[in-house]
Every structure is written in C-alpha cells, then in structure tokens.
Amino acid sequence: PLYPALFPWAIGLNVGSLPDAISAAQSGGFKGVEFSADDAAALIENHDADYLNGLFHAASIKPSAFFLPTDWRTTDENWLTGLEQLPRQAKAAADIGCFRAITWVMPADDDRPLEENRRFHIDRFTPIARVLADYNIHLGLEFIGPKTVRDKFKYEFLWKMEDMLELGHEMGSNVGVLLDCWHWYTSHGTLEDLQRLKPEQVVYVHVNDAPAGIPIDEQQDLTRCLPGETGIIDIAGFLQSLQKIGYNGPVTPEPFKQELNDLPDDNARLMAAGDSMRDIFRKAGLPI
C-alpha cells in the first residue's frame with residue numbers, strides 16, 4: 001500500500017544524520033524516510049549493512065528513496081566524477097532495500113533550445129540510468145509545473161508528466177517520474193492522466209497543497225501549503241488514482257511552507273506534517 005514517508009529538509013527539520021532522520025520519521029508517525037546515499041554508504045563502510053538495516057528495522061521505518069547524488073547539471077568533469085562514485089552509492093541503497101532514486105528537471109533554460117536541451121538530458125541521464133539498473137534501482141524525474149517558473153527563462157523545456165515520461169523512456173526502462181501533486185496541479189494535469197499510468201512509471205510521490213485565491217498559472221513554486229490544508233488540490237482523488245493504478249510506494253510531504261519553518265521546534269514541525277498526512281490518507285480512504 002501507499003505509505004507516508006518523510007523528507008526532513010522539506011518540512012524544515014534540523015536533522016544532521018541518517019540515524020537522526022530515522023528517529024524523526026518514527027516520532028512523526030511516518031513509515032519511511034528519504035536519505036542520502038552518501039550517508040548510507042559511509043555508515044555501511046564504518047559498520048556494515050546489517051547495522052544500518054537494523055536501525056531501520058528497529059524503528060519500523062523503510063528507506064523510501066535517495067536523492068540522486070550525481071552532479072549531472074553542470075560540467076562534464078563533475079558529471080563524470082559523479083558517475084564514478086555512483087556505483088558505491090547505488091550499492092549502499094540496494095543493500096538496505098531501497099530501489100528508488102530521484103531528482104528534478106528544470107522546465108526551461110536560458111542557454112539551450114528545446115531539442116538541444118532534450119539531447120543534453122538524454123546524454124547525461126542514460127549512463128546514470130544504466131548504473132542504477134545494475135542495482136535494480138529506478139530513477140524518478142520530477143517535472144516542474146508552474147508557468148511562473150518557465151516565464152523566467154528564454155527557452156521552454158518539458159513541464160508536463162507525459163513529456164517527462166517520454167523523455168525518461170529514451171534513457172532507460174528504469175526511468176519514470178517523481179510525481180508531485182503540486183506540479184501535476186500547476187501543469188493542469190487531470191485525474192484521468194494519472195489513471196492512465198502504469199505503476200512502474202511512478203517512482204516516488206510528493207504531496208502538498210496550493211494557496212487559495214491564486215489562479216493556477218500565477219502560483220509561485222516555493223509558496224505552498226501542507227497537504228490537504230486548503231483543498232485547492234484534489235489530494236483525495238490524486239491518492240485514490242495512485243492506489244487504483246497499483247502504486248504502492250512512499251508519499252512524502254513537500255510543503256515549502258514558511259509558517260512550518262517558523263514553528264518553535266522540530267517536534268512541532270513533525271506533528272504538523274504528520275497530522276496532515278494522516279488526514280489526507282483518511283480523506284482518501286487509505287489505511288495509515
């Protein structure tokens with residue numbers, strides 16, 4: 001089944017280590033946690049995989065996903081250096097049973113027109129996808145929906161789910177999407193779009209809500225709300241559609257909400273985010 005997972009940074013937590021992140025997820029009532037593959041590799045090298053697996057198991061927390069550590073955005077040198085390091089990081093993730101890697105793709109660019117940018121992404125990601133495939137890891141590419149982001153750049157790129165899926169298909173059979181309900185909403189996605197997906201196309205899921213009273217094309221990317229807070233995004237329909245297609249992975253809040261950061265401590269942030277997740281799962285009729 002779908003389960004709530006925690007990305008500590010997304011709700012403003014001051015978490016410095018993977019064991020602390022596991023503990024935070026447990027305290028907030030989450031069932032999974034997003035982590036750094038570098039941190040996992042270091043812990044395994046300093047102890048062993050059984051030690052790290054034991055930390056997850058003792059807390060009843062799953063390793064839900066890791067952010068792709070490879071610097072594919074900048075120079076060839078940085079990208080190639082990252083490629084050399086990726087097998088170590090991917091093996092560490094696989095050793096603890098995590099088979100989801102994620103990153104985001106800008107929907108526009110100042111330097112590369114559409115087709116040139118498309119080729120750039122295919123060239124950069126295809127070798128990455130091959131390394132990840134060696135460890136049975138799927139890569140989720142997050143499309144960025146808001147028009148207000150695209151309008152800041154010279155050349156438009158891909159910003160719709162279907163286009164990102166098509167791009168990923170050219171990179172490897174283990175490449176799908178990171179599906180964020182915010183970007184689904186701001187790209188004018190529909191429930192029918194979701195219900196046409198195959199479960200293996202959805203690698204990871206983010207949830208949040210949109211401020212009320214703002215037209216879709218005027219929404220600002222980093223001004224969001226807790227999942228279910230305003231009801232502007234049909235979060236129940238979103239989750240029910242994912243359940244209907246057979247997605248059974250993590251669902252992670254990413255509200256980017258200043259008021260959450262302003263709460264007095266991490267426990268207050270965890271409770272606010274955890275309560276919002278329990279609420280949207282109930283509204284969607286999902287077990288939690």
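Note: the structure precedes this text.
All of the points below concern the structure found in this document. Bear in mind that the values here come from a model prediction, so they are computed numbers and not experimental data. (Residues numbered from 1 in each chain as written. Predicted model: local features only at pLDDT ≥ 70, side-chain atom pairs only at ≥ 80, totals over all residues. Heavy atoms only, no water.)

Quick look at helix 1 (residues 18-27)
Those residues of helix 1 lying buried are L18, A21, I22, A24 and A25. Viewed end-on, helix 1 has its buried residues packed into an arc of 160 degrees, placing them on one side of the element. Where helix 1 is buried, its residues meet strand 1 (3-6), strand 2 (32-35), helix 2 (37-46), helix 3 (49-59) and helix 12 (266-283). Once helix 1 ends, the next one or two residues include G29, with phi positive near 80 degrees. (Buried < 20%, exposed > 50% of the residue type's maximum accessible area, 1.4 Å probe, protein only. Helix = DSSP H or I, 4+ residues; strand = E, 2+ residues; numbered from the N terminus. Arc of directions from axis to C-beta. Contact = heavy atoms within 4.5 Å.)

Observations regarding the packing of aromatic side chains
Per the counting criterion, the structure on display carries six aromatic pairs. Aromatic side chains F35 and F56 sit 6.4 Å apart centroid to centroid with 65 degrees between the ring planes, which places their arrangement in the edge-to-face category. Taken together, the residues span a long stretch of sequence, with F35 in strand 2 and F56 in helix 3 at a distance of 21 residues. Note on W72 and F125: the rings are 4.5 Å apart at their centroids and 45 degrees apart in plane angle, and the pair reads as tilted. (Phe/Tyr/Trp six-rings, centres within 6.5 Å; stacked < 30°, edge-to-face > 60°.)

Looking at the pairing of strand 6 (residues 138-143)
Across the six residues that make up strand 6, a large majority, five, are buried. Sheet topology note: the strand 4 (residues 100-105)/strand 6 ladder contains six bridges and is parallel. Residue pairing in the sheet places W104 in a bridge with E142 of strand 6. As defined by bridge partners, strand 6 adjoins strand 8 (residues 175-180) across four bridges and the pair is classed as parallel. The residue bridging G140 from the neighbouring strand is G176, located in strand 8. (Pairing = 2+ DSSP bridges.)

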